[in-house]
Amino acid sequence: RKVTILQCMTSMASKSVVALTPRSSAILTRLLNTTSVDAAKPVQKEQEKDHARTFYRSEMQTTPCLPEEKMVKPTGDLQFGKYYSDHMIDVDWTLEGGWGKAKLHKLQPLQLHPGSKVLHYAIELFEGMKAYRGIDNKIRMFRPDMNMARMNRTAVRSALPTFDSEELINMISDQIRLDSEWVPSSATSSLYIRPTLIGTDKTLGVGNPHDAKLFVVTCPVGSYFTSGFQPVSLLADSQFVRAFPGGVGAYKMGCNYAPTIGVAQSAAKKGCQQVVWLHGENEEITEVGTMNIFVLWKNKEGDLELVTPPLDRGLILPGVTRDSLLALGREYGEFKVSERTFNMEDVRSALKENRLLQMFGAGTACVVSPVGKIVYHNRKADKYEEWHIPTMEAKPNLMQRFYEHINDIQYGRIDRPGWTVEVPV
């Protein structure tokens, strides 16, 4: 039926194009685009689809913005999360009916009942990933399969519905293609992608959600380092705890982030930009700010070693950048690569014995972020100590090497099969 409508309107438009106003022309263009996208989708047998399990890209209804609905693109600095692209994806789920059909349409506010579970019990999760415009003008997403796998793991922990990862990657690819002009043409900028899943049913009883919504928005963002690598200072105080065994520290949920804001304000009062999160009586180091943490040192046996805390106890978010750096470090074969626990006393000893070379955070926003100082609360002496971390002076500069290697893959200067997904434009 849609194809028939398309043929009729195309015929009418061709015979009376001079009578169309700019507004009616734009509306016709949107109708034609929407209809033609639907008509071009591959036909699948209904019995092959299982909406209890997932949504389907082939069913996604695409409605492009009208020209006058498009937003003015920003100029100058692209502050993180300040500007949004023109289009978004949303798809609803119910316990009774499973996943509905996804829609790709203009960015618009969500309509939520005041009793929605996400607003009361933080039944919510999200992901953070990026697309890059390479030196060859091709647009690539970096390891989206890992983000989707983590998102599904978090959904299980949140009692939210799971989905087929490949279907959402392909839908996001369609979204980026529609908003391709929003992917910056810069080797230091990118398009940030934020898939989010929330519980939306309005029953105030504490329980698993019966309704949910998945949506995806994108933002053009600039370089994390606007003036080159700038080392950050960390507050290390064991009275503040980010995660604990059996908790949700290994999942990307909003509830992991809200309690850290006040701690960050306490850190700022002591001249620190981030917090190094400690765990237990031995003050084991787990993460730094919202990033995974790495240390390059000569261990007590005299070996050059790159070390990061392990994932086995559920204290650490399994970061995509974390996994990438571990893989590259092992490929280099020039130093030992370890995933094991270490604590503040280990860092103190390494500094005292001049064995510590570099300490840095790792994450999607920055790739790597150097640590230059730790303000440590010594519980026994009940005083704060300042430790200088020689990250910026150290040779070899592994942190810089990692940054450049990952950057080269993301922007297409180095081909890394399996780590990038090209967006057809």
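These numbers come from a predicted model, not from an experiment.

The rules behind each value
- Residues numbered from 1 in each chain as written.
- Predicted model: local features only at pLDDT ≥ 70, side-chain atom pairs only at ≥ 80, totals over all residues.
- Heavy atoms only, no water.
- UniProt positions renumbered as here; feature names shortened; annotations may be inferred.
- Helix = DSSP H or I, 4+ residues; strand = E, 2+ residues; numbered from the N terminus.
- Expected span 1.5 Å × (residues − 1).
- Buried < 20%, exposed > 50% of the residue type's maximum accessible area, 1.4 Å probe, protein only.
- Polar contact = N/O pair within 3.5 Å; in protein donor to acceptor, adjacent residues only side chain to side chain.
- Axes fitted to C-alpha atoms, helices over the stretch in contact; angles between N-to-C directions.
- Parallel < 35°, antiparallel > 145°, perpendicular 65-115°, else oblique.
- Left-handed = near helix turned anticlockwise from the far one by under 90°.
- Contact = heavy atoms within 4.5 Å.
- Salt bridge = Lys/Arg side-chain N within 4 Å of Asp/Glu carboxyl O.
- Core = buried A, V, L, I, M, F, W, Y, C linked by side-chain atoms within 4.5 Å.
- Pairing = 2+ DSSP bridges.

With that settled, the discussion passes to the UniProt feature "modified residue: N6-(pyridoxal phosphate)lysine" (unreviewed entry) in the protein. Taken from the UniProt record, the annotation "modified residue: N6-(pyridoxal phosphate)lysine" (unreviewed entry) applies to Lys252. Here Lys252 lies in the loop between β10 (232-236) and α6 (258-269).

When the terminal C-alpha atoms of helix α5 (residues 165-178) are compared, their 20 Å separation across 14 residues agrees well with the 20 Å that a helix rising 1.5 Å per residue should span. Regarding α5, the residues found buried are Glu167, Leu168, Ile169, Met171, Ile172, Ser173, Asp174, Gln175 and Ile176. Its side-chain oxygen 3.0 Å from the backbone nitrogen of Glu166, Asp164 forms the N-cap of α5.

Where helix α4 (residues 144-158) contacts α5, the axes come no closer than 9 Å and their chain directions differ by 125°. Accordingly, the angle class assigned to the pair α4 and α5 is oblique. In this structure, α4 crosses over α5, and the sense of that crossing is right-handed. Of α5, the residues touching α4 (which contributes Pro144, Asp145, Met148, Ala149, Met151 and Asn152) are Ser165, Leu168 and Ile169.

With that out of the way, let us pick up the pattern of salt bridges. Within the structure shown, the criterion is met by 26 salt bridges. One salt bridge in this structure joins Arg57 and Asp174, with 2.8 Å as the shortest N-O distance. Here Arg57 is found in the loop between α2 (22-40) and β1 (61-62), whereas its partner Asp174 is found in helix α5, with 117 residues between them in sequence. Through salt bridges with shared partners, one network takes in Arg57, Asp174 and Arg177.

Right, let's talk about the nonpolar core for a bit. Met141, Leu168, Ile176, Leu197 and Leu214 are the most contacted members of the largest nonpolar core, which totals 33 residues. Mapped onto this core, the elements with two or more residues apiece are β2 (87-94), β6 (129-133), β7 (139-142), α4, α5, β8 (190-199) and β9 (211-221). Here Leu197 is in contact with Trp99, Ile123, Glu124, Leu125, Met151, Ala155, Leu160, Pro161, Ala212, Lys213 and Leu214, once residues within four sequence places are set aside.

Look at any regular strand and the pattern is simple: side chains alternate between the two faces of the sheet. The buried count for strand β12 (residues 284-288) comes to 5 of 5 residues, which makes it a mostly enclosed element. Pairing of strand β11 (residues 274-279) with β12 involves 4 bridges; the strand directions are antiparallel. Bridge pairing in β12 places Val276 opposite Val288. Once β11 ends, the chain turns through 4 residues before running back antiparallel as β12, passing Gly280 with a positive phi of about 80°. Here β12 pairs with strand β13 (residues 291-298) via 2 bridges, running antiparallel. In the strand pairing of β13, Val288 is matched with Met291.

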